[in-house]
Amino acid sequence: MATDTETRPEDTEPQSEKTRRDIKVSKVLLGLAALSSVAVLASGWIGSLIAIPDHEIARPIFGNIPAVMIATFYVAVAAFLGMTFYLFAQRAKNWERGAPDDRTRMWKRRIHAAREGLSMKTLMRDPSAGVMHAAIYYGFLVLFLGTLTLEIDHLLPTNVQFLNGRVYQGYSLILDIAAVVFLAGIAMAYVRRYMTKPWRTRSKTRPEDFWILTLLASIGISGLLVEAARIQLIGVPEWESWSFVGMALAGLIPASVASGLHQVFWAIHAVLFLVFLVMLPTTKLRHAVTSPANMALGPRERPKGAMREMPNLLEAEDIETVGASVIADFTWKQLLDTDACTTCGRCTAVCPANITGKPLDPREIVLKLGEVAARSGSPAVSPPVGVDAGITVTSDNVFERITSEELWACTTCRACDEACPVDIEIVDKILDMRRYLSLMEADFPSELGKAYINLENQSNVYGMSQATRGDWTDELDFEVKVLGDAGVHAEYLYWVGCAGSFDDRNRKVTISTAKLLHKAGVDFAILGPRELCTGDPARRTGNEYVFQGLALQNIETLNDLGITKLITQCPHCFNTMQNEYPQFGGHYDVMHHSELLMSLVDEGALTPKHDSSKTITYHDPCYLGRHNDVYTAPRGLVDIAGGRVEMERNGTGSFCCGAGGGRMFMEERTGKKVNIERTEEALATGADVIATGCPFCYIMIDDGVKELGNEDVEVKDLAILLDEQTST
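Residues numbered from 1 in each chain as written. Predicted model: local features only at pLDDT ≥ 70, side-chain atom pairs only at ≥ 80, totals over all residues. Heavy atoms only, no water.

Let's talk about a nonpolar patch on the surface
A cluster of nonpolar side chains, namely Tyr138, Leu141, Phe144, Leu145, Leu148, Ile152, Phe162 and Val167, defines an oily patch on the protein surface of about 660 Å² accessible area. If you tally residues by element for the nonpolar patch, the top one is helix H5 (residues 127-155), at six residues. Note on placement: Tyr138 falls in helix H5. Residue Tyr138 is classed as partly exposed on the basis of its relative accessible area, which comes to 32%. (Patch = residues over 30% accessible without salt bridge, like charges linked within 9 Å, V, L, I, M, F, W, Y side chains within 5 Å. Areas by Shrake-Rupley, 256 points an atom, 1.4 Å probe, with all protein chains shown as cover. Salt bridge = Lys/Arg side-chain N within 4 Å of Asp/Glu carboxyl O. Helix = DSSP H or I, 4+ residues; strand = E, 2+ residues; numbered from the N terminus. Buried < 20%, exposed > 50% of the residue type's maximum accessible area, 1.4 Å probe, protein only.)

Structure, rendered in structure tokens:
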């Protein structure tokens, strides 16, 4: 059962506006620019006043470095560090162009999300890429903290300085290990990007990638050369053997030139660090900072299955535009997403539209939005990733770079959001742009026009008469109560849904579900003709107006009848009523039929016989799984009906059937059909039965089986499977 907390507009908007008004990230960063520059200069001045102690086992800071080079170093670092913060501030001004989005509160979840980012847990979903990134990130971090520790020790009074003796030797060992790990990570990155070249990284490799890796490698190598020259300069003492890399390299440096080489290597190392400070905010290297920040800001009170809230379009009189077409229409968090993108391509690799040859590439949606935001900013900043010189952006309208064909190819399965290691919200952006296309431009596939008319005129997407919604009850040998009739009350409302009422295949699911509820003694009723489409097909295709018209009528009906508990076999109805109706005052406890049926089995209200004679593979519906995290109950029902065999892509990594996001009511003219891709995977398991828990999935997979000519394999809903096991 979904347990996400809903947020009403009156709870969040004032806080969002206040946060937006009172705290400007760009101003904070500008303040840090000034503060960091002053701190570096003060550090240099204070350090010059402290005498260097004479410890037998220690590293004298700035040993062999002339005073003029030291002074130049501090002035340059102060200037360049200030520039780093300043350049980040310019990027932050771009984020601030976006609309409010309250990401305050929920601090425990934010800390947890930040910890997952800093610990590389999300990156480790792809072990090879995760290990590579962890080696580079942690190696660099330890080396940077080591340098910072050296400076802190330098500024302490001589009687409390600690980097000497055994402490210094342990410190040296740790830094040399970190240097090896860091360089090993960079070597792995070179191999991965320029030798093995996975498609998802190869397709976005730019010249800047080579220069970033080369810069990082040069920083690591030059640091070790500085260490080697210093060790040679002081006579290669035995106690420096803890610096095992530097000690080994020291033997390659002639003692006669050690002093000069030490100064040259030191200067090169310092200059490379200054270059790093400039490249950090101006290249994709920035994701080392923005990605963990984005993850910390990821948790939100809006359920992940819910679209962004909108005002009541049926009453509003002052709305000039709906959806997103220009940068200001997106939220600041959606704009920050574009700078947090690592261009890793994991979203692209799991996108069903992209995999089957459609024009949609989720990564491109993020990068193109970031490109328009960057180039139309004041001042303009570098785009998230380098683009061809011939590509121009003349305004802040995202449709200069993003096409409607890309957006309409999306099935809203959330595979991209699930796969993203830095919590970028891609589906939200697509749906916001769909809203604009649908309501402001009437730019939608022609098939949707008929669906919209059916929803407006008949209150269901099939265009069937509402009077026939309850006709399926004629096939039962018991009476089904109808709420709204005189004297009728029930504990549960069984929300049948449009497919369950009108589609021949799914009416069988409805009948099985009703029989199971009746057999278990569940007190339930239906709405019959009073039940309207929840509006999911309209909202997911951008027609917020039609959605709200249906939703508000349904909510009025449910609230007038005092309904609080609902059962539905449709994950799309489930998601809409559980996660989106609260935006309009409809608060209900909604259960997917698999959850209730499994609980009835556990309680002993249903006593099915277990069957091990057939094998069953279960297809996770996107709106039940990734949108609402319901994975266990459906599998429990499958285990009762037969031996479960999982498809390669299952659970959070399941592959879409192709019907979500309104695609059920659009033609699929480009590339391979998504349902065929998924059906082939299901058939490859060799299972006797393919189980589904969604009316759309049922139709798509069943059509796929028939199109592929595998008539021996059955497609059945979970309710049908359980009904078969409980029938006498």
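A word on the sheet that holds strand S9 (residues 714-717)
Pairing within the open sheet is parallel, and its four strands lie in the order S7-S6-S8-S9. Two strands bound the open sheet, and with one partner strand each, they are strand S7 (643-644) and S9. Bridge count between strand S6 (residues 615-618) and S7: two bridges; the pairing is parallel. In the strand pairing of S7, Thr615 is matched with Gly643. Helix-sheet contacts for helix H26 (residues 632-641) involve S6, S7 and strand S8 (689-692), and the interaxial angle to S6 is about 165°. (Pairing = 2+ DSSP bridges. Contact = heavy atoms within 4.5 Å. Axes fitted to C-alpha atoms, helices over the stretch in contact; angles between N-to-C directions.)

Brief notes about the nonpolar core
Counting 87 residues, the largest nonpolar core has Phe524, Leu566 and Leu597 as the members making the most contacts within it. The dominant element in this core, judged by the number of residues it contributes, is helix H28 (residues 695-707), at seven residues. Look past the residues within four positions of Leu566 in its chain and what remains in contact with it is Leu493, Trp495, Leu558, Met577, Tyr588, Asp589, Val590 and Met591. One finds Phe62, Ile65, Tyr74 and Ala324 within the second-largest nonpolar core, a separate group that totals 85 residues. (Core = buried A, V, L, I, M, F, W, Y, C linked by side-chain atoms within 4.5 Å.)

So, the environment of Ala129
Looking at where Ala129 falls in the secondary structure, it is placed in helix H5. The class for Ala129 is buried, based on a relative accessible area of 3%. Between the alpha carbons of Ala129 and Thr403 there is a distance of 31 Å; along the sequence they are 274 residues apart. Those residues in contact with Ala129 that sit more than four places away from it in its chain are Arg192 and Arg346.

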